[in-house]
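Architecture at a glance
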Amino acid sequence: MTKEKFILMTNKILINIDEKVLDSLQEEFYFIQENMKRIENINIEGVEPMARISKPITFLREDIEGPSLDKKKLLSNATYHDDDYVIMKRILK
Amino acid sequence: MMIINKGNFEKARTELLNDTNNAVIQVFENKNNKIGRLSDTIFTLKDVFATEEWATTSSSNILIGFKPYYNATAFKKLIDEGATVVAKVFCDELAMAGTGTYSRSGVITNPLDSKRLVGGSSSGSAATLTKNISFALGSDTGDSVRLPASFIGKVGFKPSYGAVSRWGLFAYASSLDTVSWFTHNVNDALEVAKVLYGIDEKDLTSIDLKLADISVEKPKIIAYLDCFEYLNKNIANKYLELIKKLESKGIKVKKISLNIDLLNAIKPVYDIISFSEASSNLSNLTGVHFGQRIEGEDWKETFSKTRTKGFGFMVQRRLALGSFYLEKDNQEKLFLRAQKIRRLINDWFTNIHNESDILIYPSSPEIAPLLVDLGKTPQNFMNWILANSNLIGNPSISLKLGEYEKMPFNISIDSKIYNDEKLFSHSLYIEKMINEGGEND
């Protein structure tokens, strides 16, 4: 696994990965791979994947209005905002 | 039954205000005057629960200043029953580490020996839990309460998945995250559970799991892992002594031969699933609606700058690996395979649970490691064994078994998923038996 590959992957999740993290991933990648090998030889034929513990939620709740948070308070958490909206630089130019 | 160790608000405040271990975010001035089953009971709150009045940062720079403006269900229930929160405490960033060395506040060490790890991610909770604090509300995704509990010799409890609402608990890995807590004894863990358990319409994975009148009950069959060769010899000896003591009480003890392949798979399966879920859950941390935004030339650069500056070493590392596991080429080879092996791990342990009242094994193969040894000492599956209960969702409790080199170590007691009543009844019995031995006076 090359540094470039890790950089490319983390760019996809919008992180410019720290050099120290890159170095540690490179150094440890052998051990990470060894770890992965531990699951390579286990027979999984016919086994259903276990994605969650509880049963999947397959219904939609009714649209019933409930209590909500105060808009002014919510907006106060945004670095840039006016009275009604969060402010971002224009996305479509 | 009532809380045995309620704590002392003023004394706890004094201790917390004098903390020099990077563990404390904020100490509160006022006691809760509400009357309830937890009146006069003092607790600390891990920095991962939403609070209406105060900021919650999950000990990450990216969330400095973030005020959720609502109370997490678990926190609200405690307050409604009269419990007093005395402090918010730091944890490993975004609850993503097991050492106590990754909080934005700095390294949090073991209160019994500052050269040793306290464990994590509920590091601040463990580091500050003195007799003046009744319990510490934390979260456990892999072992984040039960392992630090072993490193400080206190009780750490993780309920069945869904028994306690996760609403307002900042997500790390949603299929594994569990609200969990530290106490000084099993009785108090149960009393806190009685308040926290219950269905919550805001968490669709929550379930209605009853805790009726529970009392000390001797188990009939106890299964134990035949893992002696993987333990420090002091722990192995004490573990064997416990098994013999249980047998001498007329309890049938059942040796479980190890399935090494599956036990070795716990760590990679946990890593793949939790890091992958985290890389999805944490995609909302962009600095747009909340958090510390760093403005770039366009939205993409803003997101990148914010996340790069905001996430620390361990979070970047785990998200990088999560991204790797979810790469197109790895989805089937790693992610789907991990989910299938999770099923096999579930089936292996559930089979043991079905044929016994409880399963026991040491919570760790060693006492709290020295900080200088971090990442240098050889490890085996017993270093990660506690994560099996997160993968399966069953209840698990960790309580003090003994000591060597003046440091404690715990025994873990597990039962089948949703058999939390049974787990508490039998844990009360085992705790009493261990304490009658005089080791933990």
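Residues numbered from 1 in each chain as written. Chains lettered and ligands numbered in written order. Predicted model: local features only at pLDDT ≥ 70, side-chain atom pairs only at ≥ 80, totals over all residues. Heavy atoms only, no water.

**Topic: the overall build of chain A**
- The secondary structure content of chain A amounts to three helices and zero strands.
- For chain A, the α and β elements follow one another from N to C terminus as α-α-α.
- Against the globule reference of 12 Å for 93 residues, chain A gives a C-alpha radius of gyration of 23 Å, more extended than a compact globule.
- Over its C-alpha atoms, taken along the principal directions, chain A stretches across nearly 55 × 40 × 25 Å.
- About 7400 Å² of surface is accessible on chain A, with carbon and sulfur atoms providing 52% of the total.
- In chain A, 15 positive and 17 negative side-chain charges are present, and the distance between their average locations comes to 3 Å. (Helix = DSSP H or I, 4+ residues; strand = E, 2+ residues; numbered from the N terminus. Rg over C-alpha atoms; globule rule 2.2 N^0.38 Å. Areas by Shrake-Rupley, 256 points an atom, 1.4 Å probe, with all protein chains shown as cover. Lys, Arg positive; Asp, Glu negative; His and termini not counted. Charge placed at Lys NZ, Arg CZ, Asp CG, Glu CD.)

**Observations concerning the overall build of chain B**
- From N to C terminus, chain B includes twelve helices and 13 strands.
- Relative to its length of 441 residues, chain B is compact, with a C-alpha radius of gyration of 21 Å against a globular reference of 22 Å.
- Overall, chain B is about 70 × 55 × 45 Å in size when its C-alpha atoms are taken along their principal axes.
- For chain B, contacts bridging at least 24 residues in sequence account for 76% of all contacts bridging at least 6.
- Counting every atom, chain B has about 15800 Å² of accessible surface; 48% of that belongs to carbon and sulfur.
- A distance of 2 Å separates the average location of the 52 positive side-chain charges in chain B from that of its 52 negative side-chain charges. (Contact = heavy atoms within 4.5 Å.)

**Let's talk about the environment of Trp-299 of chain B**
- Here Trp-299 of chain B is to be found in helix 8 (residues 299-310).
- Leaving out residues up to four positions away in the same chain, Trp-299 of chain B has contacts with Leu-14, Met-88 and Ile-91 of chain A.

**Overview of the packing of helix 7 (residues 260-281) of chain B against helix 9 (residues 313-325) of chain B**
All names here are of chain B.
- Where helix 7 contacts helix 9, the two axes come as close as 8 Å, and the packing angle between them is 100°. In terms of their interaxial angle, helix 7 and helix 9 are classed as roughly perpendicular. In this structure, helix 7 uses Tyr-270, Asp-271, Ile-272, Phe-275, Ser-276, Ala-278 and Ser-279 to contact helix 9, whose residues at the interface are Arg-318, Leu-319, Leu-321, Gly-322, Ser-323 and Tyr-325.
- Its residues assigned to classes, the contact of helix 7 with helix 9 comprises seven nonpolar, four polar and two charged. (Axes fitted to C-alpha atoms, helices over the stretch in contact; angles between N-to-C directions. Parallel < 35°, antiparallel > 145°, perpendicular 65-115°, else oblique. Nonpolar A, V, L, I, M, F, W, Y, C, P; charged D, E, K, R; others polar.)

**A closer look at the confidence of the model for chain B**
- Of all residues in chain B, 99% attain a pLDDT of 70 or more, and the chain-wide mean is 96.
- Here the complex is predicted with pTM 0.96, and the ipTM for its interfaces comes to 0.92. (pLDDT = per-residue confidence, 0-100.)

**Some thoughts on the layout of surface pockets**
- Within this model, the largest pocket holds a volume of roughly 1400 Å³.
- Contributing to the lining of the largest pocket are 50 residues, with Glu-28 of chain A together with Lys-267, Gly-375, Gln-379 and Trp-384 of chain B lying nearest its centre.
- Of all the secondary structure elements, the ones that give two or more residues to the lining of the largest pocket are helix 2 (19-40) of chain A together with helix 4 (146-152), helix 7 and helix 9 of chain B.
- Among the elements that make up the lining of the largest pocket, the one with the highest residue count is helix 2 of chain A (seven residues). (1 Å grid on protein atoms, 1.4 Å probe; cavity = no way out; pocket = protein on both sides within 12 Å on 5 of 7 lines; lining within 4 Å. Points joined across faces, edges and corners; volume = space filled by probe spheres on them.)

**Considerations on the pattern of salt bridges**
- Per the counting criterion, the structure on display carries 24 salt bridges over all chains.
- The partner of Asp-40 of chain B in a salt bridge is Lys-31 of chain B, and the shortest N-O contact between them spans 3.0 Å.
- Residue class for Asp-40 of chain B comes out partly exposed when judged on its relative accessible area of 43%.
- Taken together, the shared-partner salt bridges in this structure form one network comprising Lys-3, Glu-19 and Asp-23 of chain A. (Salt bridge = Lys/Arg side-chain N within 4 Å of Asp/Glu carboxyl O. Buried < 20%, exposed > 50% of the residue type's maximum accessible area, 1.4 Å probe, protein only.)

**Focus: the interface of chain A and chain B**
- The interface of chain A with chain B comprises 52 residues on the first partner and 65 residues on the second.
- In terms of surface lost to chain B, no three residues of chain A exceed Leu-14, Met-50 and Ile-53 of chain A, which account for 15% of the buried area on that side.
- Our count for the chain A to chain B interface comes out at three salt bridges.
- Our count for the chain A to chain B interface comes out at 21 residue pairs in polar contact (both at pLDDT 80 or more).
- Breaking the side of chain A that touches chain B down by element, the ones donating at least two residues are helix 1 (3-12), helix 2 and helix 3 (71-76) of chain A.
- If you tally residues by element for the side of chain A that touches chain B, the top one is helix 2 of chain A, at twelve residues.
- Considered class by class, the residues forming the side of chain A that touches chain B number 30 nonpolar, nine polar and 13 charged. (Buried area = accessible area lost by both parts, 1.4 Å probe. Polar contact = N/O pair within 3.5 Å; in protein donor to acceptor, adjacent residues only side chain to side chain.)

**Observations regarding helix 5 (residues 186-196) of chain B**
Residue and element names in this part refer to chain B.
- Most of helix 5 sits out of view: ten of its eleven residues are buried.
- Looking only at helix 5, the buried set comprises Val-186, Asn-187, Asp-188, Ala-189, Leu-190, Glu-191, Val-192, Ala-193, Val-195 and Leu-196.
- Of the surrounding secondary structure, the elements contacted by the buried residues of helix 5 are helix 2 (73-80), strand 6 (135-139), strand 7 (155-158), strand 8 (179-183), strand 12 (396-404) and helix 12 (420-436).
- Immediately downstream of helix 5, the backbone of Gly-198 shows phi near 140°, a positive value.

**With respect to the environment of Ile-222 of chain B**
- Among the structural elements, Ile-222 of chain B can be located in strand 9 (residues 221-225).
- Spatially, the C-alpha atoms of Ile-222 of chain B and Gly-82 of chain B are 37 Å apart, while their sequence positions differ by 140 residues.

**With respect to the packing of aromatic side chains**
- All told, the structure shown has 23 aromatic pairs over all chains when counted by the stated rule.
- Seen in terms of ring centroids, Phe-6 of chain A and Phe-29 of chain A are 5.9 Å apart; in terms of plane orientation they differ by 80°. Their pairing is edge-to-face. With Phe-6 of chain A in helix 1 and Phe-29 of chain A in helix 2, the pair connects residues that are 23 residues apart, well separated along the chain. Per residue, the accessibility class of Phe-6 of chain A equals that of Phe-29 of chain A, and both read buried.
- Look at Tyr-224 of chain B and Phe-228 of chain B: their rings are 6.3 Å apart centre to centre, the planes differ by 65°, and that puts the pair in the edge-to-face class.
- Chaining the aromatic ring pairs together yields one cluster made of Phe-6 and Phe-29 of chain A together with Phe-275, Phe-324 and Tyr-325 of chain B.
- Between Lys-202 of chain B and the ring centre of Trp-167 of chain B, over which it is positioned, the NZ or CZ distance is 4.8 Å. (Phe/Tyr/Trp six-rings, centres within 6.5 Å; stacked < 30°, edge-to-face > 60°. Lys NZ or Arg CZ within 6 Å of the ring centre and 35° of its normal.)

**Quick notes on the sheet that holds strand 10 (residues 252-256) of chain B**
Residue and element names in this part refer to chain B.
- Within the open sheet, the eleven strands sit side by side as 1-3-2-6-8-7-12-13-11-9-10. Their pairing is mixed. The strands lining the two open edges of the sheet, one partner per strand, are strand 1 (24-27) and strand 10. Going from strand to strand, the sheet's axes swing by 25° on average, the running direction of each strand aside.
- In this structure, strand 9 lies alongside strand 10, joined through five bridges in parallel fashion. By the bridge assignment, Ile-222 is partnered in strand 10 with Val-253.
- Strand contacts of helix 6 (residues 233-248): strand 9, strand 10, strand 11 (358-362), strand 12 and strand 13 (407-414), with the helix running at about 155° to strand 11, the strand carrying the most contacts.
- Those strands touched by helix 12 are strand 7, strand 9, strand 11, strand 12 and strand 13, and its axis lies near 15° from that of strand 12. (Pairing = 2+ DSSP bridges.)

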